[in-house]
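# Residue-level structure breakdown
Now for the letters of each chain:
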Amino acid sequence: MTLFDAELATRLTRYAALDSQSDAASPTGPSTQIQWQILRLLADELTQIGAAEVQVTEYGTVLATIPATAEGPTIGFLAHVDTAPQFNATGVKPRTIERYNGGDITFPDAPGLVLSPAEFPYLATKQGHTLITASGTTLLGADDKAGVAIIMTAARHLLENPGIPHGPIRIAFTPDEEIGRGVDKRLPKDLAADFAYTFDGGAVGEVEYESFSADGAVVTVKGVSIHPGTAMGRMVNAITLASKIIAALPHSTMTPETTAGRDGFIHATDMTGGASEMKMHFILRDFERDGLARKGEILRQVCAALQATEPRADITCTITPQYRNMR
């Protein structure tokens, strides 16, 4: 392992241990206070390694500059600090597996959990590599703290080696990517880059120039709650209606598990509530805006059709834009 690799691994394990989940239910920006903590930490570290123009904006983005050592365009490097809210990411205990042997990976805090190359063939290509995983009960948070660690390690390396020729480099660490609202409308101007790259996912050596367009949807079903002993002809069970919405959606052709390539989907991410009221969250994805709009219309039509069959219920469908294909 090179010194660069060692620093990269150290940074990733240190950043991953910090709780920084976003929260779609929060109206603030960033959506959680814990994101401010890691943002300020990164700003302090950038100052310590000698970056210029370091600031934390009022909309929760760290900006900094690596001064040019040669003529060239201004390039931006970005990564997001938040981790997905769908699974526990508090109390992360990163673990390092040196010279991975190519076999099954087990987890100290979840004995029944196995990560196997038989199920994930890509893992088999990493034999002999150093791997970093969580301990089994949390996300690791490598999405996107791996990107943060890469940028920070590269920044330190470039600042300590001014003989490497490059134009101005602008750095941005953003919040709330996982809930689709991390890039503030002021960021492009404040970043002031001619070109920019986000370090987030993808295979080694792969550059992605487009993404899904994304909307989020919340469907609320309010039923009529009656004591079950006197419910005949009176109760309207919100759980039953919510189940009908899921069943009516095109789940054999338009879900993540049935689509690939440039196919879009409607993905139910979670359902909460009870017989009196249910709330369902969806993410809608498509590479084209027309396709995204059609998926939103499908969801609305399903809700409207069910509402027509049961006027005693109150069914609402609210669709919120998240981001658009960067192409």
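Structure first, text after, so check above.
What you see is a predicted model; the values in this text were computed from it and never measured. (Residues numbered from 1 in each chain as written. Predicted model: local features only at pLDDT ≥ 70, side-chain atom pairs only at ≥ 80, totals over all residues. Heavy atoms only, no water.)

Within the element layout of this structure, His80 appears in strand S3 (residues 75–80). Reaching out from His80, the side chain makes a polar contact with the side chain of Asp200 at a distance of 3.2 Å. Not counting residues within four places of it along the chain, the set of residues in contact with His80 comprises Asp143, Asp144, Lys145, Val148, Thr174, Glu177, Glu178 and Asp200. (Helix = DSSP H or I, 4+ residues; strand = E, 2+ residues; numbered from the N terminus. Polar contact = N/O pair within 3.5 Å; in protein donor to acceptor, adjacent residues only side chain to side chain. Contact = heavy atoms within 4.5 Å.)

It is worth spelling out unusual backbone geometry at this point. The linkage connecting Gly29 with the following residue, Pro30, adopts the cis geometry, with an omega of -10°. For the bond from Asp143 to Asp144, the omega torsion is 15°, close enough to zero to count as cis. Relative to the elements of secondary structure, Asp144 occurs in helix H4 (residues 142–160). Within the chain, Asp176 stands out as a residue other than glycine whose phi angle is a positive 55°. Of note, Asp176 is situated in the loop between strand S8 (169–174) and helix H5 (187–191). The class of Asp176 is buried, set by a relative accessible area of 2%. If you check the backbone angles, Ala192 has positive phi at about 55° while not being a glycine. Among the structural elements, Ala192 can be located in the loop between H5 and strand S9 (195–198). (Buried < 20%, exposed > 50% of the residue type's maximum accessible area, 1.4 Å probe, protein only.)

Attention now moves to the environment of Thr269. Position of Thr269 relative to the elements: it lies in strand S11 (residues 265–273). For Thr269, a relative accessible area of 29% translates into the label partly exposed. With 12 residues separating them along the chain, Thr269 and His281 place their C-alpha atoms 5.7 Å apart. Excluding its chain neighbours within four sequence positions, the residues that come into contact with Thr269 are His281, Phe282 and Ile283. A polar atom in the side chain of Thr269 sits 3.2 Å from the side chain of Asp270.

Another aspect to go through is the packing of aromatic side chains. Within the structure shown, the criterion is met by 3 aromatic pairs. With a centroid separation of 5.3 Å and an interplanar angle of 80°, the aromatic rings of Phe212 and Phe265 are classed as edge-to-face. Of the two residues, Phe212 sits in the loop between S9 and strand S10 (213–222) while Phe265 sits in strand S11, which places them 53 residues apart along the sequence. Residue Phe265 is classed as buried on the basis of its relative accessible area, which comes to 12%. (Phe/Tyr/Trp six-rings, centres within 6.5 Å; stacked < 30°, edge-to-face > 60°.)

Here we come to the sheet that holds strand S2 (residues 62–66). Pairing in this open sheet of 5 strands is mixed, and the strands run S1-S2-S8-S3-S9 from one edge to the other. Edge positions in the open sheet fall to strand S1 (52–56) and S9, since each of these has one partner strand only. Between one strand axis and the next, the sheet turns by 15° as a mean value, whatever way the strands run. Where helix H2 (residues 33–48) meets the sheet, its contacts fall on S1, S2 and S8, and the angle it forms with S1 comes to roughly 165°. (Pairing = 2+ DSSP bridges. Axes fitted to C-alpha atoms, helices over the stretch in contact; angles between N-to-C directions.)

Our next topic: the nonpolar core. Buried together is how nonpolar side chains tend to be arranged in soluble globular proteins. Grouped together as the largest cluster of nonpolar side chains are 30 residues, with contacts concentrated most on Leu42, Leu46, Val81, Val148, Met152, Ile171 and Phe173. At the level of secondary structure, the elements contributing two or more residues to this core comprise helix H1 (3–16), H2, S2, H4 and S8. With residues near it in sequence (within four places) discarded, Val81 still touches Ser20, Gln35, Ile38, Leu39, Leu42, Lys145, Val148, Phe173, Thr174 and Pro175. Formed by 23 residues, the second largest nonpolar core is a distinct cluster that contains Leu249, Leu292, Val302 and Ile315. (Core = buried A, V, L, I, M, F, W, Y, C linked by side-chain atoms within 4.5 Å.)

At a closest axis distance of 10 Å, the pairing of helix H6 (residues 238–248) and helix H7 (residues 289–309) adopts a crossing angle of 135°. In terms of axis orientation, H6 runs oblique to H7. Between H6 and H7 lies a crossing of right-handed hand. The residues of H7 that touch H6, namely those facing Leu241, Lys244, Ile245 and Ala248, are Val302, Cys303 and Leu306. A class-by-class count of the residues in the contact of H6 with H7 yields 6 nonpolar, no polar and 1 charged. (Parallel < 35°, antiparallel > 145°, perpendicular 65-115°, else oblique. Left-handed = near helix turned anticlockwise from the far one by under 90°. Nonpolar A, V, L, I, M, F, W, Y, C, P; charged D, E, K, R; others polar.)

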